[in-house]
Amino acid sequence: MSLSVSRHLAAVTAFAVAGLFAATTPAALASPAAAPAAAAAPTPPDIPLANVKAHLSQLSTIAANNGGNRAHGRTGYKASIDYVKAKLDAAGFTTTLQTFTYNSATGYNLIADWPGGDPNSVLMSGSHLDSVTGGAGINDNGSGSAAVLEAALAVSRAGLQPTKHLRFGWWGAEELGLVGSKYYVNNLPAAEKAKISGYMNFDMIGSPNPGYFVYDDDPVIEQTFKNYYAGLGIATEIETEGDGRSDHAPFKNAGIPVGGLFSGADYTKTAAQAQKWGGTSGQPFDSCYHSSCDSLSNLNDTSLDRSSDAIAYAIWNLGAATPVPPGPSFENTTDVSIPDSPAAAVTSPITVSGVTGNAPATTKVDVNIVHTYRGDLVIDLLAPDGTAYRLKNSSSSDSADNVIASYTVNASSEVANGIWKLQVKDVAGQDTGYINSWKITF
């Protein structure tokens, strides 16, 4: 992760929010879905931890043989990029070595394309491959680089035939200010940028005192990772420590949807986080961040294993799912004020009719709420029989404005027709807002 810190809040103005869901009347109505749903993807593979660690062992050896680091402009970095490229070439990828100059030294990005998929819809996964000059950079960011490499090799082993075109990237000179990824994005023609449907970034995913953080930039990518960890019974938190400090930033600044995973750097793990995730409270997630001790012993195997599997899960689910025609959608655009705590929950109803049978296991709920502190809000979907499906919990760390998100609910036990409600409760004081609109798609 880069030393440069450029923090930002993902706040969205009420003006922009109000325009997100256009409607012809302020009432519940049926309308075509905004985007196709997707059928189940092929089963994602389990990424072998031993394979990921074998790549890390090679990166460690490369650093040891080249002055102890793999930094931009040093022989250790070029040897690292050569190692990754050779693996991908042998696996059937089309690789491109992109060069740039920074601080009078030649830098390298490696781009690898898997044959097939829709060339106008590119799903990209990436990580930075360089270390700081002071160490081998095994967690930062050998961990992300090795996991992305092994996920790409898993695509090859599976002979995956994705619906989206799959592209992978390893970036140079990230530690000097995201130089390589900025160069790549800035030199893409506008038409090529428009083809990238999403970029997923993996920077420091094996921290020795790990947390489980998910980027909250794009709701679809975010929910995909949350679904994976929910299947393991792991509660994630929104990633804030690395905002603007890693290679997703240039993509996001270019208007490309981004997401990713992070296990923590030099921020301190709280007691609540230690209770939730294990590890040691009061200590950094990675006490060897940007230090010479960021070696092979500076890893948590469980975090590295889970994160590697999560990368494959996202690639398979976002890149290989089969588009299917959307079901009917119903929307309510009437504003409903959300009173400040303490107050009762408020609801916004939608009457659903003309849908045969039960709701699907992939019932989609799009939520557009204007609020000055979304961490105060608890949001539920209420089925016609009153069954509540939790969409969002309150969180003191969820410190941005507004809720603009899509949620997938398994409501297959519910009859589709009837009155569905979005229920919102403010559980903390000092902030207010309103339900701007919401939509349910079957």
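Draft legend 1. Local environment of the sheet that holds strand 14 (residues 346-352). Strand order in the open sheet formed by 4 strands is 14-19-16-17, with antiparallel pairing between adjacent strands. Each edge of the open sheet is held by one strand with a lone partner, namely strand 14 and strand 17 (388-392). For this sheet the average axis-to-axis angle between neighbouring strands, irrespective of direction, equals 20°.

Draft legend 2. Structural context of the pattern of salt bridges. Counted under the stated rule, the structure contains 12 salt bridges. The shortest N-O distance in the salt bridge between Asp-113 and Arg-167 comes to 2.7 Å. Taken together, the residues span a long stretch of sequence, with Asp-113 in strand 4 (residues 105-113) and Arg-167 in strand 6 (residues 164-171) at a distance of 54 residues. Each of the two residues, Asp-113 as well as Arg-167, counts as buried. Ionic pairing is found between Asp-216 and Arg-374, a salt bridge with its closest N-O pair at 2.6 Å. Linking Asp-216 in the loop between strand 8 (213-214) and helix 7 (219-231) with Arg-374 in the loop between strand 15 (363-371) and strand 16 (377-382), this pair joins segments that are 158 residues apart in sequence. By the burial criterion, Asp-216 is buried, and Arg-374 matches it.

Draft legend 3. Region of interest: the packing of aromatic side chains. The tally for this structure, following the rule as stated, stands at 18 aromatic pairs. Between Trp-171 and Tyr-199 the ring centres are 6.4 Å apart and the planes differ by 55°, which places this aromatic pair in the tilted class. Placement of Trp-171 in strand 6 and of Tyr-199 in strand 7 (residues 196-202) is noted, with a sequence separation of 28 residues between them. Relative accessible area serves as the criterion here: at 0%, Trp-171 is assigned to the buried category. Its relative accessible area of 0% is what places Tyr-199 among the buried residues. Three or more aromatic residues joined by ring pairs make a cluster, and in this case those are Tyr-212, Phe-213, Tyr-228, Tyr-229, Phe-262, Trp-277, Phe-285 and Tyr-313. Looking at Lys-78, its charged tip hangs above the ring of Tyr-108, at a distance of 5.4 Å from the centre.

Here is what the cut-offs are and how they apply
Residues take numbers from 1 onward in each chain, read along the sequence in its written order. In keeping with the model being predicted, local features are shown solely for residues with a pLDDT of at least 70 and side-chain atom pairs are shown and tallied solely at 80 or more, while totals for entire chains, interfaces and linings include all residues. Just so you know, side-chain values use all the structure's heavy atoms and leave hydrogens and water out. Only strands joined by at least two bridges in the DSSP assignment are considered to pair. To qualify as a helix, a DSSP run of H or I must reach at least 4 residues; to qualify as a strand, a run of E must reach at least 2; elements of each kind are numbered from the N terminus. Between N-to-C directions, angles span 0 to 180 degrees; the directions come from axes that are lines fitted to C-alpha atoms, helices contributing only their stretch in contact. Any carboxyl oxygen of Asp or Glu that lies within 4 Å of a side-chain nitrogen of Lys or Arg is treated as forming a salt bridge with it. Exposed residues in this analysis have more than 50% of their type's maximum accessible area, buried residues have under 20%, and partly exposed residues fall in between, with area computed by a 1.4 Å probe over protein chains only. Note on aromatic contacts: the rings of Phe and Tyr and the six-membered ring of Trp form a pair at centre separations within 6.5 Å, being stacked when their planes are under 30 degrees apart, edge-to-face when over 60 apart, and tilted otherwise. Only Lys NZ and Arg CZ are tested; either one counts as a charge over a ring when it is within 6 Å of the ring centre and within 35 degrees of the ring normal.

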